[in-house]
Every structure is written in C-alpha cells, then in structure tokens.
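# Coordinates in review
So the chains spell out like this:
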Amino acid sequence: MSSSCKTFLLSPALAARGAGQSTLQGLSGDSCCLPCASLLCPAAFSTGSHRGGDYASGIWGDPMGIALIWCLALILIKWITSKRRGAISYDSSDQTALYIRMLGDVRVRSRAGFETERRGSHPYIDFRIFHSNSEIEVSVSARNVRRLLSFQRYLRSSRFFRGITVPNSSNILDDDYNGQAKCMLEKVGNWNFDIFLFDRLTNGNSLVSLTFHLFNLHGLIEHFQLDTMKLRRFLVMVQEDYHSQNPYHNAVHAADVTQAMHCYLKEPKLSKSLTPWDVLLSLIAAATHDLDHPGVNQPFLIKTNHYLATLYKNTSVLENHHWRSAVGLLRESGLFAHMSLENRQLMESQIGDLILATDISQQNEYLSMFRSHLDRGDLCLENANHRHFILQMALKCADICNPCRTWELSKQWSEKVTEEFFHQGDIEKKYHLGVSPLCDRQTETIANIQIGFMTYLVEPLFGEWARFSNTRLSQTMLGHLGLNKASWKGVQREQLGSGDDVDATFEEMDSDILPQEPRLS
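## Quick look at the overall build of the protein chain
Within the protein chain, the regular secondary structure consists of 24 helices and three strands. Counting across all 521 residues of the protein chain, residues that qualify as buried make up 49%. Within the protein chain, contacts between residues at least 6 apart in sequence are counted, and of these 72% link residues at least 24 apart. Looking at the protein chain as shown, the accessible area adds up to about 25,800 Å², and 53% of this sits on carbon and sulfur atoms.

Below is the structure:
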C-alpha cells in the first residue's frame, strides 16, 4: 500500500452493497492512490462480489465504478486547489481591508473576512465596457478553460521545482538542456548573457532559475537563513504572475533586468560597500519590478477609468501595483516569516522605494538628483540612504538597459516593446479612445521609436551612471548604445531616406514624461 495514501471514510454497510451505492464521506491527505484505497474497502470498488475476485477488473468493467473514480478525481483536484491558498481573516471594519485587497488580490467573501485569490489575468482590462449591454455576456466555458489551464500550469511548475519528473524518453533531452542552462549560469555576470537562450534552455523558467541562482551566489540563502522551498515557491508565484502573453513586459524581461542588476552589484564601487540586506532588496525589486503588468501603460488605465488608476490617484499607477503585488506574494509565501515584524515592514517599504523609482514619468527628478550629487561629489556609500539612492538608479538603468546590450539582443527587445505599444494602439483605435503616442503602427516605426528613446532617455541616464562608475562595463554599455543607435539610423535611412531625423513624437511629448536632454557626444 502506498505510504501517501490516507483512509477513505466509507460507510461499511453501504460499501458492502457495491461501488455504485457507496457514499464518500470525506477525504484527507496530500495525495491518494486509488488501488490502495480500494484495498481498504474492496467492496466499494468491485461489482458487488469480493470473494477473491479481481476487483481491479471489476471497477473498470462497471460504469458505476468508473463514475466513482471520476468523482474522486474531481474531489481531489478541488481539494488540491483549495489547499494552495490559505485564508487571511480580517475584521470587515479594519481600515487595512483595502490595503489587503490590494496586496493579495483578495476577494471579499463575507463580513467575516477575506480569502486570498491571485488571478493570472489581474489587473483585468475589461474591454466590454465599450460595448452595449447585449454584448457583455462572457462565456462560462471559456472562463472554466482558463481556470483549468492556470491549474495545470501550476501543477507543472510545482512538479518541476520539487524535482518530480515523469519518466519518458524526453528526459535525456531535458537533462541535456538543464546542463546547458547550468553552464550559462556560470557566466551570469557577463554583460552579453543571452536571456532568450537561457529562457529556452530552462523551458520558460528563466526568472526562477536565474534569481534562485543569484540568491545562492550572493550567499543570501545562508545569511538570512531562508527556507529554499519557500524561496522557490515565492519565485514560482512571481513568475506565474507575469503575463506571458505580453510581448515585452513578461517574466523574461524581469529575468533580464535581474541579470543586469547583478552585473551592477558587481561593480567595484558597489560590491565593496553593499550589505547583504542591500543585495537582497535589489534582487527582489528587480525580479518583481513589473509584476502583473497588464501590457498597457498608465495613460491607458487612466482614460479607461481602471480601478487601479482610481486607487492610486493617477500617480505611478503601475509601479504602485507592482510593489503591492510583490509584497502580497512575499507575505503569502512566508519567505521572511522568521524575521521580526519591524524588519519585514522595513523590507517592504524599501522594495517599494526601488520599484517606484522605475516610473519613467519621474525620470527628470531622479536624474537631476543624481547629477547634483555627482557635481558636488558628496555621494558616500557608507551612508545607507546614499546606497539606497544608488540602488534606485541602478534599477532604473537595469530597467531600460536593452539599447546597451549587443545588437542581436537589443534588436529583439526593440521589436517586442514596439509590438506591445502597437497592440495597445490597436485597442485604442478599436474602441475610439485616441491612440497614445508611439502606439500607432500606421505612423510609427521601430527605428523612429528607438532613436528617440535612446536620445532622450537612455543616453542621459547612462551618461551619468558612467560618471558615477567609470568602469569597463560602463564603457561597454555606452559603446553598444552608440552602435545600436547608428544601426537604427541606418534602418531609418533605408525606410525614410532621411539620415539624421529623430522621432518627432518624443520631442512633442510632455517634458514630465520624457526629459529633454542634450545628446551625449
């Protein structure tokens, strides 16, 4: 009998009357093996005769027996899904109710409290608001299919990260691919690290594999006495809450930013000054900085009256949501439950400071502060506040470092982000919302968008970073940036016949969103 099996509480009298008339009163345990359960009560799994007969053939030969197996399977699935998320109870009058709703994406169950329920498509953009009432019906079957796929995705990832594999002929290939992924991780500090290849080698688990490796590499697991299973569970949940259907803002982008952040943490000025606490915050913030991104920008959420825009009063809407979602997963995973409440609250607050710094509409403010510090020469990395500010700038650099990668990598990222822009523009056209800047595929090109992006955002930021940390890495990034910009200008010349024009859209946008900085020579 399987050791994982638990007792089925069957009424003995009913069991003796056969499987079709038996009543399942309860089910407990982590898993269950039907053959072992049938040994506990053979009559319940036979056709009525259990005097030495083959009850296994009886159950498969009897339609009622098959129906019983099907019912047990459904009950088991329902039980597993209910166990994945615990319940958090709060008094309905508690003022933190809204905060908890925001943190864990929880749904009000009753006046008694809340039940945590993360949804894969949250924050949901409901385009039905633009339709008439007759078009608002949603297919129940489609919703059920989405739920089933979400559950299957969770089971696959859970089995994968617990090391449970199903024996088949493809394991040899999987082992080979895992070996190649491990070889890549040995060079995770290389600026030419190909995150797309790594994502393929890890079967779409680049964020989990890379971040877990970095936690181990920096000694964070040992230093903070982290439970490795809780850490993996947290990283799996983070990866799942990125939307794979987004061309750009997905888990691969998060993994790329995390790898870039690791490269910056290795820079001499930082590596000799940062504490394990600083490194921990940096890696978590990098991995979660775009968590649950809906694939549209803040202006879109505002003009569609999305509830997140209302909740955060149209200020850093997405960044606030990324932060709150990250805190919700930290609490749900219990990764730092062994720490004091004061330290956990400090961690949540400082992670928020890092993620909020990635708001592109605040670029002028951060860049001005960074430049002022460098002009005065008063940055002291022995000061915790100064270190935290540098980590904010490092995360800002990591978030938009794609133009500083090699052309092969940078071009892929440029195509992906532009496709996401154009997808939003298509939606805005469809519902007559007014197309946002850079989102009209009929008037914009990848080359125009990238040249403007590099000129007004990337060059000023990385120029100041090179002033702070004038290392080989900084010069490499600026070198790639110049080459990539020249390449896009070449593409632009081929498309438009005008060699030096930059995208007028960037020049016309509000200076609060895009800083009007002079080009770097």
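## Quick word on the layout of surface pockets
Empty space within the second largest pocket amounts to approximately 1,000 Å³. Around the second largest pocket, the lining comprises 44 residues; the ones closest to its centre are His249, Asn297, Ile360, Phe421 and Leu457. Secondary-structure elements contributing two or more residues to the lining of the second largest pocket are helix H15 (298–303), helix H17 (317–333), helix H20 (384–399), helix H21 (407–430) and helix H22 (446–468). Ranked by the residues each element gives to the lining of the second largest pocket, the list is headed by H21, at seven residues.

## Brief notes about helix H18 (residues 341–356)
Under the 1.5 Å per step criterion, the end-to-end length of H18 is 22 Å for 16 residues, consistent within 8% with the ideal 22 Å. Along H18, the residues that are buried comprise Met347, Glu348, Gln350, Ile351, Gly352, Leu354 and Ile355.

## Digging into the environment of Val435
Looking at the element boundaries, Val435 is found in the loop between H21 and H22. Not counting residues within four places of it along the chain, the set of residues in contact with Val435 comprises Gly425, Glu428, Lys429 and Asp440.

## Remarks on the packing of aromatic side chains
According to the stated counting rule, one finds 11 aromatic pairs in the structure shown. Their ring planes at 55° and their centres at 5.2 Å tell us that Trp465 and Phe468 sit as a pair that is tilted. With a gap of three residues between them, Trp465 and Phe468 both fall in helix H22, about one helical turn apart. Taking the relative accessible area as the measure of exposure, Phe468 reaches 4% and is therefore buried.

## With respect to the nonpolar core
Judged by nonpolar contacts, the single largest core of 96 residues is most densely connected at Tyr264, Phe462 and Trp465. Aside from chain neighbours lying at most four places away, what touches Tyr264 is Trp191, Leu270, Ala394, Cys397, Ala398, Cys401, Phe462, Trp465, Leu473 and Met477. In this structure, Leu301, Leu318, Ile427 and Tyr431 belong to the second largest nonpolar core, which totals 10 residues.

## As for the packing of helix H9 (residues 206–217) against helix H14 (residues 276–288)
Remark: H9 packs on H14, axes separated minimally by 11 Å, with the N-to-C direction vectors making an angle of 175°. Judged by the inter-axis angle, H9 sits roughly antiparallel to H14. For the pair H9 and H14, the contacting residues are Leu207, Thr211, Leu214 and Phe215 in the first and Leu280, Leu283, Ile284 and Ala287 in the second. By residue class, the composition of the contact of H9 with H14 is seven nonpolar, one polar and no charged.

## Structural notes on the pattern of salt bridges
Taken as a whole, this structure holds 13 salt bridges when the rule is applied. For the salt bridge of Lys303 with Glu428, the shortest nitrogen-to-oxygen distance reads 2.9 Å. In this pair, Lys303 sits in helix H15 while Glu428 sits in helix H21, placing the two residues 125 residues apart along the sequence. A cluster of three or more residues bridged by salt bridges with shared partners is formed by Arg371, Asp375, Glu464 and Arg467.

## Observations regarding unusual backbone geometry
Backbone geometry at Asp292 places phi at a positive 65°, although glycine is not the residue there. Mapped onto the secondary structure, Asp292 falls in the loop between H14 and H15. On the accessibility criterion, Asp292 (1% relative accessible area) is buried. Positive phi outside glycine occurs at Ser316, with the angle close to 45°. Tracing the chain through its elements places Ser316 in the loop between helix H16 (307–311) and H17.

## Some thoughts on the side chain of Glu428
Residue Glu428 is classed as buried on the basis of its relative accessible area, which comes to 0%. Once residues within four sequence positions are removed from consideration, Glu428 is found in contact with Phe300, Lys303, Leu433, Gly434, Val435, Ser436 and Cys439.

## Structural notes on the environment of Ala287
Relative to the assigned elements, Ala287 resides in helix H14. A residue is classified by how much of its surface remains accessible, and Ala287, at 3% relative accessible area, is buried. Between the C-alpha atoms of Ala287 and Leu207, which are 80 residues apart in sequence, the distance is 7.3 Å. When neighbours within four sequence positions are excluded, Ala287 is seen to be in contact with Leu207, Thr211, Val238, Tyr242, Ala254 and Thr258.

## Comments concerning the packing of H14 against H20
Helices that pack against each other are described as a pair by the angle of their axes relative to one another and the distance between those axes. Across the interface, H14 lies against H20 with an axial gap of 11 Å and an inter-helix angle of 30°. It follows that H14 is roughly parallel to H20 by the angle criterion. As for the relative orientation of H14 and H20, their crossing is right-handed in sense. Of the residues in H20, those touching H14 at Asp278, Ser282, Ala285 and Ala286 are Arg387, Leu391 and Leu395. A breakdown of the residues in the contact of H14 with H20 according to their chemical character gives four nonpolar, one polar and two charged.

## Here's the deal with the confidence of the model for the protein chain
Of the residues in the protein chain, 64% reach a pLDDT of 70 or more, and the chain-wide mean stands at 77. Confidence drops under a pLDDT of 50 for residues 164–173, and excluding neighbours within four residues, the segment shows three contacts in the predicted structure. Low pLDDT, under 50, characterises residues 507–521; the predicted model gives this stretch 34 contacts beyond four residues in sequence or across chains.

## Focus: the environment of Glu444
Tracing the backbone through its elements, the reader meets Glu444 in the loop between H21 and H22. Residue classification places Glu444 among the buried positions, given a relative accessible area of 10%. Counting along the chain gives 26 residues from Glu444 to Thr418, while the straight-line C-alpha distance between them is 9.3 Å.

## Notes on H14
Here H14 spans 18 Å end to end across 13 residues, near enough to the 18 Å set by a 1.5 Å rise per residue. For H14, the tally of buried residues reaches 12 of 13 residues, placing the bulk of the element in the interior. Three or more residues of H14 are buried, namely Trp277, Asp278, Val279, Leu280, Leu281, Ser282, Leu283, Ile284, Ala285, Ala286, Ala287 and Thr288.

What counts and what doesn't
Residues numbered from 1 in each chain as written. Predicted model: local features only at pLDDT ≥ 70, side-chain atom pairs only at ≥ 80, totals over all residues. Heavy atoms only, no water. Helix = DSSP H or I, 4+ residues; strand = E, 2+ residues; numbered from the N terminus. Buried < 20%, exposed > 50% of the residue type's maximum accessible area, 1.4 Å probe, protein only. Contact = heavy atoms within 4.5 Å. Areas by Shrake-Rupley, 256 points an atom, 1.4 Å probe, with all protein chains shown as cover. 1 Å grid on protein atoms, 1.4 Å probe; cavity = no way out; pocket = protein on both sides within 12 Å on 5 of 7 lines; lining within 4 Å. Points joined across faces, edges and corners; volume = space filled by probe spheres on them. Expected span 1.5 Å × (residues − 1). Phe/Tyr/Trp six-rings, centres within 6.5 Å; stacked < 30°, edge-to-face > 60°. Core = buried A, V, L, I, M, F, W, Y, C linked by side-chain atoms within 4.5 Å. Axes fitted to C-alpha atoms, helices over the stretch in contact; angles between N-to-C directions. Parallel < 35°, antiparallel > 145°, perpendicular 65-115°, else oblique. Nonpolar A, V, L, I, M, F, W, Y, C, P; charged D, E, K, R; others polar. Salt bridge = Lys/Arg side-chain N within 4 Å of Asp/Glu carboxyl O. Left-handed = near helix turned anticlockwise from the far one by under 90°. pLDDT = per-residue confidence, 0-100.

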